[in-house]
Amino acid sequence: PPDAPGGWERGGEPVPAGSPFVLRHVQTGSFLASDEIPYTNIFGCENEVHCFAYLSLNKTQNLVGEKKGELTGEVPLRKHGLPNIWTIRTATHDGQ
């Protein structure tokens, strides 16, 4: 599940249309996000994309898991915010 430790880590696996996922910029390790503010340009209406980790501010109790040897510092435990969660939509979604 996405809320479990490493739940978003699915590198190289296919993502079904309509499923939520996060995108990480390979060179910087930052998560891609959108402010969902529409901008009109010569290509039509688009949303700006930027890199920022909108993570939960809750405490995750990592140290207990690390002491037990269940986790390491590299395991992301905080939930991603909505600006970091993407969904690929096709023409057949919701009749659009």
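Please read these numbers as outputs of a predicted model, since none were measured by experiment.

Reading guide: rules and limits
- Residues numbered from 1 in each chain as written.
- Predicted model: local features only at pLDDT ≥ 70, side-chain atom pairs only at ≥ 80, totals over all residues.
- Heavy atoms only, no water.
- Helix = DSSP H or I, 4+ residues; strand = E, 2+ residues; numbered from the N terminus.
- Buried < 20%, exposed > 50% of the residue type's maximum accessible area, 1.4 Å probe, protein only.
- Contact = heavy atoms within 4.5 Å.
- Phe/Tyr/Trp six-rings, centres within 6.5 Å; stacked < 30°, edge-to-face > 60°.
- pLDDT = per-residue confidence, 0-100.
- Pairing = 2+ DSSP bridges.

> What is the right way to look at the overall build of the protein in this model?
Helix and strand content of the protein: one helix and four strands. Reading the helices (α) and strands (β) of the protein from amino to carboxyl end gives β-β-β-α-β. Counting every position in the protein, which comprises 96 residues, the buried fraction comes to 14%. Once local pairs closer than 6 in sequence are excluded, the contacts in the protein between residues at least 24 apart make up 47%.

> Quick question: what am I supposed to make of the side chain of Asn 84 here?
Turning to its location among the elements, Asn 84 is positioned in the loop between α1 (62–68) and β4 (86–87). In this structure Asn 84 comes out as buried when scored by relative accessible area, which is 0%. Not counting residues within four places of it along the chain, the set of residues in contact with Asn 84 comprises Phe 21, Val 22, Phe 31, Leu 32, Ala 33, Phe 52, Ala 53 and Tyr 54.

> Explain the packing of aromatic side chains here, please?
The geometry of an aromatic ring pair is captured by the separation of the ring centres together with the interplanar angle, meaning the angle of the planes. Under the definition given, this model contains one aromatic pair. Judged by centre distance (4.7 Å) and plane angle (65°), the ring pair of Phe 52 and Tyr 54 falls under edge-to-face. On the basis of relative accessibility, which here comes to 31%, the residue Tyr 54 falls in the partly exposed class.

> What is the right way to read the confidence of the model for the protein from this model?
Low-pLDDT portions of the prediction should not be read for the details of their coordinates. For the protein, the average pLDDT comes to 79, and 78% of its residues sit at 70 or higher. The least confident element of the protein is α1, whose mean pLDDT is 76; the most confident is strand β3 (residues 44–51), at 90.

> Teacher, can you tell me more about unusual backbone geometry here?
Leaving glycine out, the prevailing phi sign among residues is negative, and the prevailing peptide bond configuration is trans. Its identity is not glycine, yet Glu 36 carries a phi of approximately 55°, on the positive side. Within the secondary structure, Glu 36 sits in strand β2 (residues 32–41). For Glu 36, a relative accessible area of 60% gives the class exposed.

> I would appreciate a short explanation of the pairing of β3 in the present structure.
In the case of a regular strand, side chains alternate between the two sheet surfaces. Pairing of β2 with β3, which is carried by seven bridges, proceeds in the antiparallel orientation. Along β3, the bridge assignment pairs Leu 32 with Cys 51. The turn linking β2 back onto β3 is made up of two residues.

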